[in-house]
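So you can see what is in the structure, the chains are spelled out below.
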Amino acid sequence: MQFYFAAPEWNKKLCPSTTTLACPCEPRAVHSARVIHTKDATYRGSFFSGTFLLGNSVKLPLGNTGKVKIEIYCKWYGHRLKTRGPNILVDLSKTHVEENYHGNIFSNLSKK
């Protein structure tokens, strides 16, 4: 999570408000982390799949069906929001939350 809050705050000149071109990038190793594995999530016009670090505000269990917004710690074009992580829209039937995850997460959504 430190990688997220160490990033510069959102800059309207450097970050597109919406785009279809953003995709998960910048893999980062985590240990004993709470993550979400998702397929076909959306944020600001982009569709993507991957594993992301869950925000501290996310209460579990999430449920099994429907679309909900979930806070993650993931930069948008190398920048962060001022006080929290972005809320991505996920289909719960295409997601899985994992506690104590050891592996790689994506830490940025950006154009490759």
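Here, every reference points to the structure presented above.
Predicted model, so just to flag it, every value in this text is computed and none were measured.

1. Observations concerning the overall build of the protein chain
Working step 1: Helix and strand counts for the protein chain stand at 1 helix and 6 strands.
Working step 2: Mapped in sequence order, the helices and strands of the protein chain form the string α-β-β-β-β-β-β.
Working step 3: Whereas a compact globule of 112 residues would reach a radius of gyration of roughly 13 Å, the protein chain reaches 13 Å, a difference of no more than 12%.
Working step 4: In terms of overall dimensions, the protein chain has C-alpha extents of about 40 × 30 × 25 Å along its principal axes.
Working step 5: For the protein chain, the residues scored as buried account for 46% of the 112 residues in total.

2. Observations concerning the environment of Lys94
Working step 1: Relative to the elements of secondary structure, Lys94 occurs in the loop between β5 (87–91) and β6 (95–110).
Working step 2: Look at Lys94 and you get partly exposed, because its relative accessible area is 37%.
Working step 3: For the pair Lys94 and His37, spaced 57 residues apart in sequence, the C-alpha to C-alpha distance is 8.3 Å.
Working step 4: Those residues within four positions of Lys94 in sequence are excluded, and the remaining contacts are His37, Thr38, Lys39 and Asp40.
Working step 5: In terms of polar contacts, Lys94 uses its side chain to reach the side chain of Asp40, at 2.9 Å.

3. A short note on unusual backbone geometry
Working step 1: A cis amide bond links Leu60 to the next residue, Pro61, at an omega of 0 degrees.
Working step 2: With respect to the helices and strands, Pro61 occurs in the loop between β2 (46–54) and β3 (67–73).
Working step 3: You will see that Ser32, though not glycine, has its phi angle at about 55 degrees, which is positive.
Working step 4: Residue position: Ser32 is located in strand β1 (residues 23–43).
Working step 5: Of note, the phi angle at Tyr77 is positive, near 55 degrees, even though the residue is not glycine.
Working step 6: Along the polypeptide, Tyr77 turns up in the loop between β4 (75–76) and β5.

4. Some thoughts on the pattern of salt bridges
Working step 1: For the structure on display, the rule yields 3 salt bridges.
Working step 2: Arg80 is the partner of Glu9 in a salt bridge, and the nearest nitrogen-oxygen pair spans 3.6 Å. Here Glu9 is found in the loop between α1 (2–5) and β1, whereas its partner Arg80 is found in the loop between β4 and β5, with 71 residues between them in sequence.
Working step 3: Asp40 is paired through a salt bridge with Lys94; the nearest N and O atoms lie 2.9 Å apart. Of the two residues, Asp40 sits in strand β1 while Lys94 sits in the loop between β5 and β6, which places them 54 residues apart along the sequence.

5. Quick word on the pairing of β3
Working step 1: Pairing analysis gives 2 bridges linking β2 to β3, with the strands arranged antiparallel. Bridging across to β3, Leu53 finds its partner in Tyr73.

6. Examining the packing of aromatic side chains
Working step 1: Tallied over the entire structure, the rule returns 7 aromatic pairs.
Working step 2: With a centroid separation of 5.1 Å and an interplanar angle of 85 degrees, the aromatic rings of Tyr4 and Phe5 are classed as edge-to-face.
Working step 3: With a centroid separation of 5.6 Å and an interplanar angle of 45 degrees, the aromatic rings of Tyr4 and Tyr73 are classed as tilted. Taken together, the residues span a long stretch of sequence, with Tyr4 in helix α1 and Tyr73 in strand β3 at a distance of 69 residues. By the burial criterion, Tyr4 is buried, and Tyr73 matches it.
Working step 4: Pairwise contacts between aromatic rings join Tyr4, Phe5 and Tyr73 into one cluster.

Thresholds applied
Residues numbered from 1 in each chain as written. Predicted model: local features only at pLDDT ≥ 70, side-chain atom pairs only at ≥ 80, totals over all residues. Heavy atoms only, no water. Helix = DSSP H or I, 4+ residues; strand = E, 2+ residues; numbered from the N terminus. Rg over C-alpha atoms; globule rule 2.2 N^0.38 Å. Buried < 20%, exposed > 50% of the residue type's maximum accessible area, 1.4 Å probe, protein only. Contact = heavy atoms within 4.5 Å. Polar contact = N/O pair within 3.5 Å; in protein donor to acceptor, adjacent residues only side chain to side chain. Salt bridge = Lys/Arg side-chain N within 4 Å of Asp/Glu carboxyl O. Pairing = 2+ DSSP bridges. Phe/Tyr/Trp six-rings, centres within 6.5 Å; stacked < 30°, edge-to-face > 60°.

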